[in-house]
Amino acid sequence: MKHILIYEQWLAKQGQPFLFEGGAYGHMAHVYEDKDLTFGQMFDIIDRSLSGNLDKEVGISEKLDGQALSVSWRDGEAVYARNKGHLANSGAAALNTKETAEKFEGRGELTNAFQFAVEDLSNAISQLSDADKEKVFANGKKFMGFEIIYPPNSNVINYDVPKLVFHGALEYNDKGEAIGEDKGSGKILADLIKKVNADVQKNFQIQAPLMLKLPKSLDFSASIQKFISPLAKLQHEYNLNDGSTIRDYLVAWWKKWLDDKEAEYGYIVPDGIRDRLINRLAFEDNSLNIREVKKTIDDPKFLELILKLDKGGAKALRETAITPIKLVFLKLGAQIMRNLSGFLAANPDKEVQNIRNEIVKVASDIERSGNPSAIAKAEHQLGILQSLGGLDAIVPSEGIVFQYDGKTYKFTGTFAPVNQLLGTLKYAR
């Protein structure tokens, strides 16, 4: 009760809004990170999410809080990839089972997680027919991403049972760049392994991606309006339409910012560099080099402003610009995560309570630590958590993975602020 009271007291004294600050399988994007998405597509994703049709293209799978690795079969043995170099040239530089195990020596339970995982998985795949190995892995051209769930090395979510869970296979070119995806390949490989009775190994159970069903929101009309309205407001404010992209919005935001600064300083940026300057500030596009900026902007004070932004000050402004869209999809993710069930955690209700208890305990410990930096970080993350629904919005999962228009995205709900908060005290010690 004491920890809950401290948490409630913290909530009571808050009144200001918070900004959100910000992952060999590659980064899986949030919706708001895809600058090529149009407003019309964002509206459609919201509609699908709330109408129970987010699985329209492929099934929704759970994003797991484990250790990621990718596996292939090349020249008669299992090989593993942790980076782009391992994926290039059909996995020529990928690590074999022994090399992968040695890579993680001396790291306690993390060592066991990786060593046991690659030993079990290599043994399981070795029992498949040559034809099945070729079909799934194409002798190193295709790598299957998978998650290592090892309870002694748990992060935020505790799963109870050691498991290796497949994501799906990607095909790579000689440069290690993804050029294709085998949809449903995670289930195919899991079924093949189970067929030869190799799914239960010495340390791990091997399984297909955990697919989830998202029901239609009970208050669909009210919910969809809640998420669409902020985006429609941005469209109106910046003269955008349904075909305008997130990139178009960001350019418009920075144009308005530049207009305001020109009025404030009484200086007009020359047309010859104006658009390129916006691209440099908004997207870190260096096609306009800093020497040309210094040569072209002949007002000392205005040049000083731009140089400060270029040296790092623009990062906060980029976060400010994207925040209205970011908030929409973080809140949407939190809402739909609460509507899901069937997570991998063995006892979801118990795990949710464990996470809640840990949060209020950590919040109290950080406050007693007296560390100003840790306290500020904790308050920031608590603010994020509260904006997403607070302790009631916590679910026993990192998030979900879905596809839209052939691209893969994620919703993570409250996991990010919870993960950051629980890590704050650890790094403050």
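Rules of the game
Residues numbered from 1 in each chain as written. Predicted model: local features only at pLDDT ≥ 70, side-chain atom pairs only at ≥ 80, totals over all residues. Heavy atoms only, no water. Salt bridge = Lys/Arg side-chain N within 4 Å of Asp/Glu carboxyl O. Helix = DSSP H or I, 4+ residues; strand = E, 2+ residues; numbered from the N terminus. Buried < 20%, exposed > 50% of the residue type's maximum accessible area, 1.4 Å probe, protein only. Expected span 1.5 Å × (residues − 1). Bend = angle between axes of the 7 residues up to and from the residue. Polar contact = N/O pair within 3.5 Å; in protein donor to acceptor, adjacent residues only side chain to side chain. Pairing = 2+ DSSP bridges. Contact = heavy atoms within 4.5 Å. Axes fitted to C-alpha atoms, helices over the stretch in contact; angles between N-to-C directions. Core = buried A, V, L, I, M, F, W, Y, C linked by side-chain atoms within 4.5 Å. 1 Å grid on protein atoms, 1.4 Å probe; cavity = no way out; pocket = protein on both sides within 12 Å on 5 of 7 lines; lining within 4 Å. Points joined across faces, edges and corners; volume = space filled by probe spheres on them. Nonpolar A, V, L, I, M, F, W, Y, C, P; charged D, E, K, R; others polar. pLDDT = per-residue confidence, 0-100.

### Considering the pattern of salt bridges
Then comes step 1: Counted according to the given criterion, the structure contains 22 salt bridges.
Then comes step 2: With its nearest N and O atoms 2.5 Å apart, the salt bridge here joins Arg280 to Asp310. Note that Arg280 is positioned in helix 10 (residues 271-283) and Asp310 in helix 12 (residues 300-338), a separation of 30 residues in sequence.
Then comes step 3: Taking the shortest distance from any N to any O, the salt bridge between Glu304 and Lys308 comes out at 3.6 Å. Placement of both Glu304 and Lys308 in helix 12 is noted, with a separation of 4 residues, approximately one turn of the helix.
Then comes step 4: Given the relative accessible area of 44%, Glu304 is considered partly exposed.
Then comes step 5: Residue Lys308 is classed as exposed on the basis of its relative accessible area, which comes to 55%.

### Let's talk about helix 12
Since there are 3.6 residues in each turn of an α-helix, residues three or four apart along the chain are aligned in direction.
Then comes step 1: In a regular helix each residue adds 1.5 Å, so 39 residues correspond to 57 Å; helix 12 covers 53 Å between its end C-alpha atoms and thus fits that length.
Then comes step 2: The largest bend in helix 12 amounts to roughly 80° and is located at Gly312.
Then comes step 3: One side-chain oxygen of the residue at the start of helix 12 lies 3.2 Å from the amide nitrogen of Lys301, identifying that residue as Asp299.

### Notes on helix 2 (residues 39-51)
Then comes step 1: For helix 2, spanning 13 residues, the distance from its first C-alpha to its last is 18 Å, which sits close to the expected 18 Å at 1.5 Å a residue.
Then comes step 2: Within helix 2, 10 of the 13 residues are buried, which leaves it mostly tucked inside the rest of the structure.
Then comes step 3: Within helix 2, burial applies to Phe39, Gln41, Met42, Phe43, Ile45, Ile46, Arg48, Ser49, Leu50 and Ser51.
Then comes step 4: Looking one or two places after helix 2, you find Gly52, whose phi comes out positive at around 80°.

### Examining the sheet that holds strand 1 (residues 29-30)
Then comes step 1: Strand order in the open sheet made by the 5 strands is 1-12-11-2-10, with mixed pairing throughout. Looking at which strands have only one partner, the edges of the open sheet turn out to be strand 1 and strand 10 (211-212).
Then comes step 2: The pairing of strand 11 (residues 399-404) with strand 12 (residues 407-411) spans 5 bridges and is antiparallel. What sits directly across from Tyr404, in strand 12, is Lys407.
Then comes step 3: Those strands touched by helix 2 are strand 11 and strand 12, and its axis lies near 125° from that of strand 11.
Then comes step 4: This element, helix 12, spans strand 1, strand 11 and strand 12 of the sheet and lies at about 75° to strand 12.

### Focus: the nonpolar core
Then comes step 1: Ranked by internal contacts, the top residues of the largest apolar core, which has 68 residues, are Trp254, Ile325, Phe329 and Phe411.
Then comes step 2: For this core, the secondary-structure elements that each account for two or more residues are helix 2, helix 8 (220-237), helix 9 (246-265), helix 10, helix 12, strand 11 and strand 12.
Then comes step 3: Beyond its immediate stretch of four places on either side in the chain, Trp254 contacts Ile278, Leu281, Ala282, Ala314, Leu317, Arg318 and Ala321.
Then comes step 4: Val136, Phe137, Phe146 and Leu192 belong to the second largest nonpolar core, which has 33 residues in total.

### Considering empty space enclosed by the protein
The gaps of empty space that remain are located by a probe, the size of a water molecule, rolled over the atoms.
Then comes step 1: Of the pockets and cavities examined, the largest cavity occupies roughly 50 Å³.
Then comes step 2: For the largest cavity, the full set of lining residues is Val156, Ile157, Ile355, Ile394, Val395, Ser397, Thr414, Phe415 and Val418.
Then comes step 3: Class assignment for the residues of the lining of the largest cavity results in 7 nonpolar, 2 polar and no charged.
Then comes step 4: Volume-wise, the second largest cavity comes out at about 40 Å³.
Then comes step 5: Surrounding the second largest cavity, His30, Val31, Tyr32, Phe329, Leu330, Gly333, Lys410, Phe411, Thr412 and Gly413 form its lining.
Then comes step 6: Contributions of two or more residues to the lining of the second largest cavity are made by helix 12 and strand 12.

### Let's talk about the confidence of the model for the protein
Then comes step 1: Averaged over all residues, the pLDDT of the protein equals 87, while 92% of them reach at least 70.
Then comes step 2: Per-element confidence in the protein ranges from a low mean pLDDT of 42 for helix 1 (residues 2-12) to a high of 97 for helix 9.
Then comes step 3: Confidence drops under pLDDT 50 across residues 1-23; counting only partners more than four residues distant or on other chains, this segment forms 36 contacts.

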